[in-house]
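This is what each chain is made of:
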Amino acid sequence: GRANNYLLDGTDMNDGYRNLPAINEAGVFGTPATILPLEAVSELAVISNFPPEYGRNSGAIVNIVTKSGTNEFHGSVLEFLRNDKLDARNFFNTKPNPQNAFRNNQLGFALGGPIVKNKTFFYFNYEGQRERVGVTSLARVPDPAEIAALGGVKNPIIAQILNRNPYPTPNIPVPLFDPSPNLSVATRASNDVNAATVKIDQSFSTQDLLSGRYYYGDSDQSFPLALVGGSKLPGFNTVTPTKVQIASLSYVKVISSTKVNELRFGYNRFKQNFFSEDNDFNPGAIGLNTGVTNPRDFGLPVIRIRQDPNLGSSI
């Protein structure tokens, strides 16, 4: 899966870190962080036994060719909708719990045509995605009755953490101190994606063609269970802002009836960050010394709780 060479109009579009396509690269939960607008695709070729002109990787060559404008104006508008009002329940989202949200809108438009007839053409398209979902999970959280049975919260820092991040009230009846899940929870998740391409073609003659293309994609994703197992509970999502920019310029020259030369220039930039949902919270503000001073690394750390044999039944 990571031995392939992904090209957009013959120009490299590989993410240099994972060697996957920078467009459609996964963010949190394996969900594509950016997308290639459907209306931008004119041709897709997968070449397994490729000639030496491609090189770079030992796997297949995947080349996506984008559309160009013509002497006539053409355009399209699209909208794809999914909504929980039209859907059945998730198998794990049982009654009497409310049905989880699932709202997905994929929308876009495209327009292409001449700037100067027979000479200069343009093609522009945009596609966006707006997704709001609820991720169903089972979890085990402290029951208030359990905390009270153990004498209540003794540590003032733990008290402040619980006040800032209160656990949802258990809604699955299990005996106190039973390790079985006592909470069915729907953690909200979201995915906002914007992607656009613009392509300009300049024909100097039947033997000379200059093409320039620019792709821009960005997204903001928020999902649970992303980093080091994460947490199923609301408020602890991983947020992943992603930005992809790919630019290319190509010049095709027909030298003779048997010779064609193509010169290409490409620029590829992939930027992706992973943050905790509470990364604007400084644990030091409640007296929790984590040794972290860089604000980019703020947020509550992973806290593991174990029984102390020297304190009997205390936690």
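Check the entry above for the structure.
The text that follows walks through the structure, step by step, so that each part is easy to find.

Quick notes on the rules
Every chain begins its residue count from 1, and numbering advances along the sequence as written. With pLDDT at 70 or above as the cut-off, local features in this predicted model cover only qualifying residues; side-chain atom pairs require 80 or more to be listed or tallied, and sums for whole chains, interfaces and linings still use all residues. Just so you know, side-chain values use all the structure's heavy atoms and leave hydrogens and water out. The numbering of helices and of strands both runs from the N terminus, where a helix is a DSSP run of H or I of at least 4 residues and a strand a run of E of at least 2. The buried label applies to any residue whose accessible area, calculated with a 1.4 Å probe on protein chains only, is under 20% of its type's maximum; exposed applies above 50%, and partly exposed to all values in between. We call two residues contacting when some pair of their heavy atoms lies within 4.5 Å. Side-chain atoms within 4.5 Å link the members of a nonpolar core, which is a set of buried Ala, Val, Leu, Ile, Met, Phe, Trp, Tyr and Cys residues. Each patch groups residues whose relative accessible area exceeds 30% and which form no salt bridge, using 9 Å between like charges and 5 Å between nonpolar side chains of Val, Leu, Ile, Met, Phe, Trp and Tyr. Shrake-Rupley sampling with a 1.4 Å probe provides the accessible areas, and residues are treated as covered by the protein chains on show and by no other component. Take a side-chain nitrogen of Lys or Arg and a carboxyl oxygen of Asp or Glu: if they are within 4 Å of each other, that pair is a salt bridge. Two strands are counted as paired when DSSP detects at least two bridges linking them. Note on ring pairs: Phe, Tyr and Trp rings are taken, using the six-membered ring of Trp, and paired if centres are within 6.5 Å. Classes follow the plane angle, with under 30 degrees stacked, over 60 edge-to-face and the rest tilted. The charge count includes Lys and Arg as positive and Asp and Glu as negative, but it does not include His or the ends of the chains. The atom standing in for a charge is NZ when the residue is Lys, CZ when it is Arg, CG when it is Asp and CD when it is Glu.

## What to know about the environment of Gly27
Thinking step 1. Here Gly27 shows up in the loop between β2 (11-12) and β3 (41-47).
Thinking step 2. You can call Gly27 buried: its relative accessible area is 15%.
Thinking step 3. With residues up to four places along the chain from it excluded, the contact list for Gly27 reads Ala33, Gln221 and Gln272.

## Points about the nonpolar core
Thinking step 1. Counting residues in each nonpolar core, the largest one holds 14 residues, and the members touching the most others are Leu8, Met13, Ile23, Leu36, Tyr215 and Ile246.
Thinking step 2. If sequence neighbours within four positions are ignored, Ile23 has contacts with Leu8, Met13, Thr34, Ile35, Leu36, Tyr215 and Ile246.

## Let's talk about a nonpolar patch on the surface
Thinking step 1. A cluster of nonpolar side chains, namely Ile115, Val116, Val198, Ile200 and Tyr214, defines an oily patch on the protein surface of about 380 Å² accessible area.
Thinking step 2. Broken down by secondary-structure element, the contributors of at least two residues to the nonpolar patch are β6 (102-116) and β8 (183-205).
Thinking step 3. Relative to the assigned elements, Ile200 resides in strand β8.
Thinking step 4. For Ile200, a relative accessible area of 35% gives the class partly exposed.

## A short note on the sheet that holds strand β1 (residues 5-8)
Thinking step 1. Taken in spatial order, the four strands line up as β2-β1-β4-β3 in an open sheet, and their pairing is mixed. Here the strands that pair on one side only, and so sit at the sheet edges, are β2 and β3.
Thinking step 2. Where β1 lies against strand β4 (residues 61-66), four bridges are found, and the strand directions are parallel. Of the residues in β4, the one forming a bridge with Leu7 is Asn63.

## A look at the packing of aromatic side chains
Thinking step 1. Summed over the entire model, instances satisfying the criterion amount to three aromatic pairs.
Thinking step 2. Both rings, one in Phe73 and one in Phe122, keep their centres 6.3 Å apart while their planes meet at 55°; by these two values the pair is tilted. Placement of the pair is Phe73 in the loop between β4 and β5 (74-83) and Phe122 in strand β7 (residues 120-139), with a sequence separation of 49 residues.
Thinking step 3. Residue classification places Phe73 among the exposed positions, given a relative accessible area of 56%.
Thinking step 4. Centroid distance Phe109 to Tyr126: 6.1 Å. Interplanar angle 35°. Geometry classified as tilted. Of the two residues, Phe109 sits in strand β6 while Tyr126 sits in strand β7, which places them 17 residues apart along the sequence.
Thinking step 5. Phe109 gets classed as partly exposed once you look at its relative accessible area, which sits at 38%.

## Looking at the side chain of Ser250
Thinking step 1. Inspection of the secondary structure puts Ser250 in strand β10 (residues 238-254).
Thinking step 2. Beyond its immediate sequence surroundings of up to four residues, Ser250 is in contact with Leu209, Leu210, Ser211, Glu262, Leu263 and Arg264.

## A look at the environment of Ile157
Thinking step 1. Secondary-structure assignment places Ile157 in helix α2 (residues 156-164).
Thinking step 2. Take Ile157: its relative accessible area is 22%, and that puts it in the partly exposed class.
Thinking step 3. Along the chain, Ile157 and Pro283 lie 126 residues apart, while their C-alpha atoms are 9.7 Å from each other.
Thinking step 4. Every residue in contact with Ile157, bar those within four places of it in the chain, is listed here: Ile286, Gly287 and Leu288.

## Quick notes on the pattern of salt bridges
Thinking step 1. Scanning the model with the defined rule gives 12 salt bridges in all.
Thinking step 2. The partner of Glu146 in a salt bridge is Arg140, with the nearest N and O atoms 2.6 Å apart.
Thinking step 3. Three or more residues are tied together by salt bridges with common partners; here these are Asp9, Lys199 and Arg213.

## A short note on a positive patch on the surface
Thinking step 1. Together, Lys243, Arg269, Lys271 and Arg296 make up a region of like positive charge exposed at the surface.
Thinking step 2. Inspection of the secondary structure puts Lys271 in strand β11 (residues 260-272).

## Let's talk about the pairing of β6
Thinking step 1. Summarising the sheet, β5 and β6 pair through 10 bridges and their orientation is antiparallel. Bridging from a neighbouring strand, Asn83 pairs with Arg103 of β6.
Thinking step 2. In this structure, the hairpin formed by β6 and β7 is closed by a connection of three residues, where Asn118 is found at a positive phi of approximately 70°.

In short, shape yes, function no, at least from these values alone.
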